[in-house]
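Listed below, chain by chain, are the residues.
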Amino acid sequence: MNYAVVWDNWRFLAEGLSLTLQTAVLVIVGGSILGISIGLVHTAHLPGLKQLAVVYIELIRGTPLLVVLFLVYFGFSFLAGHRLSAYQAAVGGFVVFIGAYIAEDFRSGVHSIPRGQIEAGVAAGLSRVQVLRLIVVPLALRRMTPALFGQFVRLLKFSSVASVIGVTELTGATLLVNAREFRPIELLSALAVTYFVLCVGLSLIGRRLNERFKGRI
Amino acid sequence: MSTPLYYHFDWEVLWRFRHELLAAYLTTLALSAAGLGGALVLGVPIGVLATGRRRWPRAIAAVYVEAARDVPLLIHMYFWYLGLSMLRLPSFLCAVLALSMYCGAFIAEVVRSGLQSVPVGQYDAGVALGMKPARVFRLITLPQAMAFVAPSLASVFSQLIKDSSLSSVISVAELTFTAGAIEGATFRTFEAYIGITAFYLMTVTLVTRSAIAVFGGRAYSADLT
């Protein structure tokens, strides 16, 4: 065991870490926007669009992440005649992927709202849009917080898969260092600990947020 | 940006590679089944330990669950394949070990929450009838817990099938690996990946349905809460 290999390459590994964090932030924001929009389309009972939302959710949730990533990376250039960089494909693929799961969580969040809440809104004279905006969406968002952060943690772990299409995020950078130094045990254990710390940190934030919502759901 | 290329689908390519695809699908099924078996063998006892009264077993269960599920599956795979490369384990076995360790943590968590959701009165009633604790657990607590968590268990199963695609990275010739090979040989990206997606979708749907049927079928406890 000689962890000097980690210190000797710390600058390169730190760049990988920062790319992982950047990817995670982009995908968390993008995926939440996409997922909640799709979830809203599903909830709002817009004819035609609802079926489209269901197809998207079910199709993506039945497809492995790696396949989604390959389809975006290799497939996009055929459709658009414009090649995406590996990083763009990874961010795009992750957003499309995690968006479906977030949409599904939003859907079940909406489902779990007691009917009385919505009926109370209608009885108070709110319009359909107002009921959606003032009651359904805020309650659904608070109720889905644990699930949402579960998705974020999953996504953080899944971001390692970007290394497969050649993104030098944390995992990619570590594998490159390993290809030169061949110290797999030290490098992989350091990598595992880093992901562990990041994941635990992210779930702690989620738990905090969830406690703040207690009694207001 | 250049003008869009009109992509002509050629689904015949899937037929041309039918033998490879079938072999790959069988590998994916074997991988998933072995991974699932390993995950259950690991996860169920650890989930049970996590609900116990003694502190040490509970702590061990908690450490395993947190450590195994907060590390990406890809790194589990590389750990067995690269980290322990001196053991020269076959890549299929590496993938099975990685899937078992990783998904075992999720199963342990599901089993724990299921056991904790069974009302204590159920256990007391069993004991009051003169049953031994182990018998109560086997006949009363566990079936009800499994029925409660059937949907979550089904989702762990289907997650495992999809996650098995990552073993292509350590060169297990399963579906995703084979799609990559077909893509490399023919440049038929869409056909290859959409083709295997159909396999995954079909399998995931089947497994989810049957897991709910098998475990949820015993949901006679539904009105007991």
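These notes cover the structure that comes with them. If you're wondering where the values come from, they're calculated on a predicted model, not measured in any experiment. (Residues numbered from 1 in each chain as written. Chains lettered and ligands numbered in written order. Predicted model: local features only at pLDDT ≥ 70, side-chain atom pairs only at ≥ 80, totals over all residues. Heavy atoms only, no water.)

1. Section: the overall build of chain A
When helices and strands are counted, chain A shows 10 helices and 0 strands. Reading chain A from its N end, one meets helices and strands in the order α-α-α-α-α-α-α-α-α-α. The dimensions of chain A, computed from C-alpha atoms along their principal axes, are 70 × 45 × 25 Å. For chain A, with 217 residues in total, the buried portion stands at 49%. Restricting the contact set of chain A to residue pairs at least 6 apart, pairs at least 24 apart contribute 79%. Measuring between centres, the 19 positive side-chain charges of chain A sit 11 Å from its 10 negative side-chain charges. (Helix = DSSP H or I, 4+ residues; strand = E, 2+ residues; numbered from the N terminus. Buried < 20%, exposed > 50% of the residue type's maximum accessible area, 1.4 Å probe, protein only. Contact = heavy atoms within 4.5 Å. Lys, Arg positive; Asp, Glu negative; His and termini not counted. Charge placed at Lys NZ, Arg CZ, Asp CG, Glu CD.)

2. Observations concerning the overall build of chain B
Within chain B, the regular secondary structure consists of 9 helices and 0 strands. In chain B, the order of α-helices and β-strands from amino to carboxyl end is α-α-α-α-α-α-α-α-α. Over its C-alpha atoms, taken along the principal directions, chain B stretches across nearly 75 × 45 × 35 Å. Among the 225 residues that make up chain B, the fraction classed as buried is 45%. By sequence separation, contacts in chain B at least 24 residues apart represent 77% of the contacts at least 6 residues apart. Of the roughly 11,200 Å² that chain B leaves accessible, carbon and sulfur atoms contribute 68%. The positive charge centre, built from 16 side chains, and the negative charge centre, built from 12, are 15 Å apart in chain B. (Areas by Shrake-Rupley, 256 points an atom, 1.4 Å probe, with all protein chains shown as cover.)

3. Some points on the side chain of Asp105(A)
Residues and elements named next belong to chain A. Tracing the backbone shows Asp105 in helix α5 (residues 86-111). Despite its burial, Asp105 pairs with no opposite charge, the nearest such side chain being Arg61 at 6.2 Å. Setting aside its immediate chain neighbours within four residues, Asp105 contacts Met144, Ala147, Leu148 and Gln151. (Salt bridge = Lys/Arg side-chain N within 4 Å of Asp/Glu carboxyl O.)

4. Comments concerning unusual backbone geometry
Of note in this structure, Phe182(A) is not a glycine but carries a positive phi near 45°. With respect to the helices and strands, the residue Phe182(A) is situated in the loop between α9 (170-181) and α10 (184-212). Judged by relative accessible area, Phe182(A) falls into the partly exposed class, the value being 48%. In this structure, Arg88(B) takes a positive phi of about 50° despite not being glycine. Along the chain, the position of Arg88(B) falls in the loop between α4 (73-83) and α5 (91-116).

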